[in-house]
Amino acid sequence: MTYVVTDACIRCKYMDCVEVCPVDCFYEGENMLVINPSECIDCGVCEPECPAEAILPDTESGLEQWLELNTTFSAQWPNVTRKLDQTPPDADAMKGVENKYDQFFSPEPGAGD
């Protein structure tokens, strides 16, 4: 098992999860984070820290596309190991918006740290 970041993170990117991760397995895109499934130790400390509830165990049904997306982009985006002040100004308004992937996903990398 591993944890994955879903589209609930898109345009929220609060980064509270990054602060608590003991193995630094988060990678930063322009408007969302992903987890490297090979590096995640399945400890679960990140899941309750996410204000957008975007982090889920990959054992939940219907998360195959998110496991693939996390795997793909964690290999392309820079590692982020600490919470940065990069939360979008409209993050709270975007929290809870459904189906954000089709409308807002960006494959561009973030800055990392």
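Residues numbered from 1 in each chain as written. Predicted model: local features only at pLDDT ≥ 70, side-chain atom pairs only at ≥ 80, totals over all residues. Heavy atoms only, no water.

Enquirer: Please clarify how the overall build of the chain should be interpreted in this entry.
Expert: When helices and strands are counted, the chain shows 4 helices and 4 strands. Secondary structure of the chain in N-to-C order comes out as β-α-β-β-β-α-α-α. Based on the C-alpha atoms only, the size of the chain along its principal axes is roughly 30 × 30 × 25 Å. Here the chain holds 113 residues, and 47% of them are scored as buried. (Helix = DSSP H or I, 4+ residues; strand = E, 2+ residues; numbered from the N terminus. Buried < 20%, exposed > 50% of the residue type's maximum accessible area, 1.4 Å probe, protein only.)

Enquirer: Where do I start with the side chain of Asn36 in this structure?
Expert: Structurally, Asn36 can be placed in the loop between strand S3 (33-35) and strand S4 (55-57). Taking the relative accessible area as the measure of exposure, Asn36 reaches 13% and is therefore buried. Those residues in contact with Asn36 that lie beyond four places of it in its chain are Cys25, Tyr27 and Ser74. (Contact = heavy atoms within 4.5 Å.)

Enquirer: Whenever I open this one, the environment of Lys100 confuses me. Can you help?
Expert: Topologically, Lys100 is positioned in helix H4 (residues 100-104). On the accessibility criterion, Lys100 (0% relative accessible area) is buried.

Enquirer: I tried to follow the nonpolar core on my own but got confused; where do I start?
Expert: In terms of nonpolar packing, the biggest core is built from 35 residues, with Val5, Phe26, Met32, Leu33, Ile35 and Ile55 touching the most fellow members. Breaking this core down by element, the ones donating at least two residues are strand S1 (3-5), helix H1 (16-20), strand S2 (26-28), S3, helix H2 (64-74) and helix H3 (91-94). (Core = buried A, V, L, I, M, F, W, Y, C linked by side-chain atoms within 4.5 Å.)

Enquirer: Even after reading the chapter, I still don't get the packing of aromatic side chains, so can you show me in this structure?
Expert: Aromatic rings in a pair are described by how distant their centres are and how their planes are angled relative to each other. Tallied over the full model, the rule gives 5 aromatic pairs. For the pair Trp66 and Tyr101, a centre-to-centre distance of 5.7 Å together with 80 degrees between the ring planes defines the contact as edge-to-face. Linking Trp66 in helix H2 with Tyr101 in helix H4, this pair joins segments that are 35 residues apart in sequence. Exposure remark for Trp66: the relative accessible area of 6% places this residue in the buried category. By relative accessible area, which is 32% here, Tyr101 ends up partly exposed. Between Phe73 and Trp77 the ring centres are 4.8 Å apart and the planes differ by 35 degrees, which places this aromatic pair in the tilted class. For Phe73, a relative accessible area of 11% corresponds to the buried category. Residue class for Trp77 comes out buried when judged on its relative accessible area of 4%. Positioned over the ring face of Phe104 is Arg11, at 4.6 Å from the centre of the ring. (Phe/Tyr/Trp six-rings, centres within 6.5 Å; stacked < 30°, edge-to-face > 60°. Lys NZ or Arg CZ within 6 Å of the ring centre and 35° of its normal.)

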